[in-house]
Amino acid sequence: MQERSKARDIEEIFKAELEISKHTEAVLANEDISKEQLFEEYQRLADEYRHLLRQAMKITRIGDSTQEKLLRTQEELSAANEKLERQAKTDGLTGLYNRRYLDKTLESIFDDARRHNKALAVAISDIDFFKKINDRFSHQVGDEVLKAVAKIFQSSVRAKDIVARYGGEEFVCVFPETTLDEARALAEQVRHNVEHYNWREIHPELKVTLSIGLCADINYPNHEKMLSAADEKLYEAKHNGRNQVRC
Amino acid sequence: MKNLVIAGTKTTPSVMFDAETGKLEISGQSYPESALEFYQPIMDWLNEYFKLRQQASLSFRLQYFNTSSSKCILNILRVFEKAYSEGKKVEVNWYHNEADEQMQETGEEFAEHLTLPFKVISYK
């Protein structure tokens, strides 16, 4: 029904042109018409044809540029959407994933590991004496430290591992399909790289170390409990002198 | 006669015309900077093809095209219509995504306009 009325609408727009063709039919039906009159009629139709052709070209041009504009807007919109999506799961300072994304992702990886009996390890880590770094040097130095630790994390773990800034100076790393031994080696690598980073670049007297708690036991009822278990190990690392991995 | 193969880009469709089997396909998006420049070689190839061959099956699988391109597509369809009126065995298949009602309607508009076997086919 709607289709029909759309077609009728378009016909209405071309009413004047349709009148001309009706008029021409009437002229041609008249048998008494003179050659001169026919010629005049022909001239009129040819003019009208040229006019319509020019109009069609103009309409095509307008159609093209309108569609071009629409496509550009669509592209801008999808770029903006992508950016928003990225922002929604990223920590602004470090560029790592944020807590919200980590929680969601860990949940699904944990469930998948449970269902298919796959190995999974989770590390939670905390920069040692971070408050003192902020107080002694400055918050700018503190921010630089966070960014550097984030970079060290990313360059020390594998592409499939997921690193997130979980809180102020806390980082969580998810190691999918990874045994405790493998995860411990990776965590130790991160700890080592943090300890031996050239912190003097940021401040001549700066030293930074990292404590890490690990859990690779998937027999917890949910991912939150597994993360809590890693957090307990982190607590142990802190109380055992910091700058170490506990599991 | 050589096949006509043009790789698709963001703004131009991909073209695969097989001179041996007579299977011709235009797929993708079409909003080229100059529609004429893009479609002229296709028109030339088709005109040449119908001088030699008696049958062809043309498939369109387009997601998007602009007004200039629709004029060029009509020109192509005219070539097929002419071939059909000369008794050649030709058919046109207009494929559209199931969800793309607009592309379906466009196919139906073309079909209405032309005298030749023209099928509008939806795919998932």
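Fair warning: this is a prediction, and the values are worked out from it, not measured in the lab.

Rules and cut-offs
- Residues numbered from 1 in each chain as written.
- Chains lettered and ligands numbered in written order.
- Predicted model: local features only at pLDDT ≥ 70, side-chain atom pairs only at ≥ 80, totals over all residues.
- Heavy atoms only, no water.
- Helix = DSSP H or I, 4+ residues; strand = E, 2+ residues; numbered from the N terminus.
- Expected span 1.5 Å × (residues − 1).
- Buried < 20%, exposed > 50% of the residue type's maximum accessible area, 1.4 Å probe, protein only.
- Pairing = 2+ DSSP bridges.
- Contact = heavy atoms within 4.5 Å.
- Axes fitted to C-alpha atoms, helices over the stretch in contact; angles between N-to-C directions.

Asker: Account for helix α1 (residues 35-52) of chain B, with residues named and values stated.
Answerer: Given a rise of 1.5 Å per residue, 18 residues ought to cover 26 Å, and the 26 Å separating the end C-alpha atoms of α1 of chain B matches this to within 8%. Every buried residue belonging to α1 of chain B is among Ala35, Phe38, Tyr39, Ile42, Met43, Trp45, Leu46, Tyr49 and Phe50 of chain B, and all of these are buried.

Asker: Any details on the sheet that holds strand β5 (residues 245-246) of chain A? Residues and values, ideally.
Answerer: The strands that make up a sheet are held in pairs by hydrogen bonds between backbone atoms, and each pair lies either parallel or antiparallel. Residue and element names in this part refer to chain A. Taken in spatial order, the five strands line up as β2-β3-β1-β4-β5 in an open sheet, and their pairing is mixed. Each having just a single partner strand, β2 (162-165) and β5 make up the two edges of the open sheet. Sheet strands touched by helix α6 (residues 139-156): β1 (120-127), β2, β3 (170-176) and β4 (210-215). Its angle to β3, the strand with the most contacts, is close to 10°. Across the sheet, helix α7 (residues 180-195) is in contact with β1, β3, β4 and β5; its angle to β4 comes to roughly 170°.

Asker: Describe unusual backbone geometry, listing the residues and the values that go with them.
Answerer: Residue and element names in this part refer to chain A. Its identity as a non-glycine residue notwithstanding, phenylalanine 129 has a phi of 50°, on the positive side. Within the secondary structure, phenylalanine 129 is located in the loop between β1 and α5 (130-136). Using a relative accessible area of 42% as the deciding quantity, one classes phenylalanine 129 as partly exposed. One non-glycine residue, arginine 242, lies in the positive phi region at around 60°. Within the secondary structure, arginine 242 is located in the loop between α8 (223-239) and β5.

Asker: Give me the sheet that holds strand β4 (residues 55-65) of chain B: which residues, what numbers.
Answerer: Residue and element names in this part refer to chain B. Read from one edge to the other, the open sheet built from six strands follows the order β1-β2-β3-β4-β5-β6, with strand pairing classed as mixed. Since the sheet does not close on itself, it has two edges, and those belong to β1 (4-6) and β6 (118-123), each with one partner. Across the sheet, the axes of successive neighbouring strands diverge by a mean angle of 15°, strand direction being ignored.

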